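Here is what each chain is made of, one letter per residue.
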Amino acid sequence: MDQVEARFRDLHTLTYEGSTLASLWCIFLVSVGVLIFNSFLITLFATDRTLRTPAAYLVLNLSVIEFCLGLTNTIMYGINLYHKRWALGTTAAHIQGCLLVGFCSASLTSLGLLGIERWLVIVKQKRLELRQSIGLIIGTWTWSTILASSPYWFGNKWVLEASLLYHAGDYANRSAAGIFVTMLIFMNVSLPLMTFMFSYAQIYKVIKDWNAHERQSSLGRQQTANNRLEAMLMRKVLIVVGVFVFNWVLQDVSFMFELITGKQDQPIVETLAAIFCVFNSCVNPILFIVLDARFSAAARRLLRLPPSSSSSPSTSMDNRSFQSGSFSHTNSWALQKSTLSGSGASLRPTTGDTWADEKIQGSVSPSPSPLRYPSHISHSPPQHQHQHLFQHEHDQFQQQDRAVPGFHSPRGK
């Protein structure tokens, strides 16, 4: 049996057969799925103006990045499948390493930024402006370009990974330059993961605290509504965070193994890590469409399907609940401030978006779901204002014997 590590293999002798060929087919098919689903999400942005908000441009950026990743994989793996060997030469191997590391880096950074954006909106009650979103997008591409070219700064190169499927970093290189590049890429995976988990843990804590406060003044059926809402939120947070962590944690473990031992990881581990990473890019657009009512409604309009009952203004949280931000894929309890008129406090809910506000004014009573208050107003509003928290959801439970519909996000993002 050949014991030579993959990074030392001659590409001209590399052929695909048996389990390696099966793995190549698997990652090729997943890459085709990445192309299809991200193409669909990009089409939604191009055809539906209601999705064009500052925060949603971060989602568009993520979809474009993952589309590019799927396109790169589909072309290169398709050629190799046809020839059943590495048929692209050494130069293409280096190009593949740069593109894959660059796109994966940009995808991870975008997911981390989406988590931070949700945290800012829900916990800190701050919204991104368009120029801030554009700045973050430019920063994401700049950082990914720097990382993709980093080995060439130190005389290193991208090498064939143990799975024999693709080229990436020489993470087992024990030189100072090799360790530095490996740590850069390791942190590029770890920091977005930790940021994402922290952001959604804080988001869930905030909603749970609001829910606990509401329980103190709720009885019977209203308490049941709160419990169901909290359980629904927890399930969706677990899905969003769980998918991200599950698909990338094995890659993180593989980095550390190679860095510590100075040799490449086992082929089966490296193969699974590669497939999971690409699979994450396939799942992201699906989660946006399934967990976010805006994307779901846009998809139904594009496919000419009837609107779902949960997206109807009379049965939903009506664009004032959370947006999934990705995977930021949970709602954004975008709590909007009330305006004070005269000597008394009259509540007028807004979402910051004209289209959504017109819907609210035309279909929802002035007793809104949670509200956010301006900075000059105390964050501990009077008790009668607290009674508005979750009131819309409670009304839905009293009218219909079913759980609160899925998440919706304010269009003013």
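Each value, and the rule that gives it
Once a new chain begins, its residue numbering starts again from 1 and follows that chain's sequence as written. Under the rules for a predicted model, residues below a pLDDT of 70 receive no local features and side-chain atom pairs below 80 are neither given nor counted, while totals for whole chains, interfaces and linings still include all residues. As a convention, hydrogens and water are excluded, and side-chain values are obtained from all of the structure's heavy atoms. Note on conventions: DSSP H or I runs of at least 4 residues are helices, E runs of at least 2 residues are strands, and numbering of each starts at the N terminus. Each helix should span, by expectation, one fewer than its residue count multiplied by 1.5 Å. Bend angle per residue: angle between axes fitted to the 7 residues ending at that residue and the 7 residues starting there. The rule is simple: take the accessible area with a 1.4 Å probe, protein chains only, and divide by the maximum for that residue type; under 20% is buried, over 50% is exposed, in between is partly exposed. Charged residues are defined here as Lys and Arg on the positive side and Asp and Glu on the negative side; His and the ends of the chain fall outside this count. Here, a salt bridge means any side-chain nitrogen of Lys or Arg that lies within 4 Å of a carboxyl oxygen of Asp or Glu. In what follows, residue pairs with any heavy atoms lying within 4.5 Å of each other are defined as contacts. Each patch is built from residues lacking any salt bridge and having more than 30% relative accessible area; the joining distance is 9 Å for like charges and 5 Å for nonpolar side chains (Val, Leu, Ile, Met, Phe, Trp, Tyr). Note on areas: Shrake-Rupley with a 1.4 Å probe; residue coverage comes only from the protein chains shown. Whether two aromatic rings pair depends on their centres lying within 6.5 Å, for rings of Phe, Tyr and Trp, where Trp uses its six-membered ring; planes under 30 degrees apart make the pair stacked, over 60 edge-to-face, and the rest tilted.

(A) Representation of helix α4 (residues 130–153). Under the 1.5 Å per step criterion, the end-to-end length of α4 is 34 Å for 24 residues, consistent within 8% with the ideal 34 Å. The largest bend along α4 reaches roughly 30° and is located at L147, with the proline P151 sitting one to four residues downstream.

(B) Layout of the side chain of E258. Here E258 lies in helix α6 (residues 221–261). In this structure E258 is buried but unpaired, with R7 as the nearest side chain of opposite charge at 7.1 Å. Those residues in contact with E258 that lie beyond four places of it in its chain are E161, Y171, A172, K263, Q264, D265 and E270.

(C) Main features of the pattern of salt bridges. In total, this model carries 6 salt bridges according to the counting rule given. The partner of R7 in a salt bridge is E5, and the shortest N-O contact between them spans 2.6 Å. R131 is the partner of E129 in a salt bridge, and the nearest nitrogen-oxygen pair spans 3.1 Å. The partly exposed category is assigned to E129, whose relative accessible area is 41%. With relative accessibility at 60%, the residue R131 sits in the exposed group. One continuous salt-bridge network, built from bridges that share partners, spans E5, R7 and D170.

(D) Main features of the environment of P192. Relative to the helices and strands, P192 resides in helix α5 (residues 176–215). In this structure, the C-alpha to C-alpha distance between P192 and F244, residues 52 residues apart in sequence, is 9.7 Å. For P192, the contacting residues outside a window of four places in its chain are L108, T109, G112, M187 and F244.

(E) Fine view of helix α2 (residues 56–83). Counted at 1.5 Å a residue, the expected span for α2 with its 28 residues is 40 Å, and the 41 Å between its end C-alpha atoms agrees. Positive phi appears at K84, one or two residues downstream of α2, with a value of about 55°.

(F) Fine view of a nonpolar patch on the surface. Together, W143, I146, Y152, W153, F154 and F180 make up an exposed nonpolar region whose accessible area comes to about 580 Å². Ranked by the residues each element gives to the nonpolar patch, the list is headed by α4, at 4 residues. Relative to the helices and strands, W153 resides in helix α4.

(G) Structural context of the packing of aromatic side chains. Taken as a whole and assessed by the stated rule, the structure comprises 9 aromatic pairs. Centroid distance F288 to F295: 5.6 Å. Interplanar angle 55°. Geometry classified as tilted. Considered together, F288 and F295 belong to a single accessibility category, that of buried residues.

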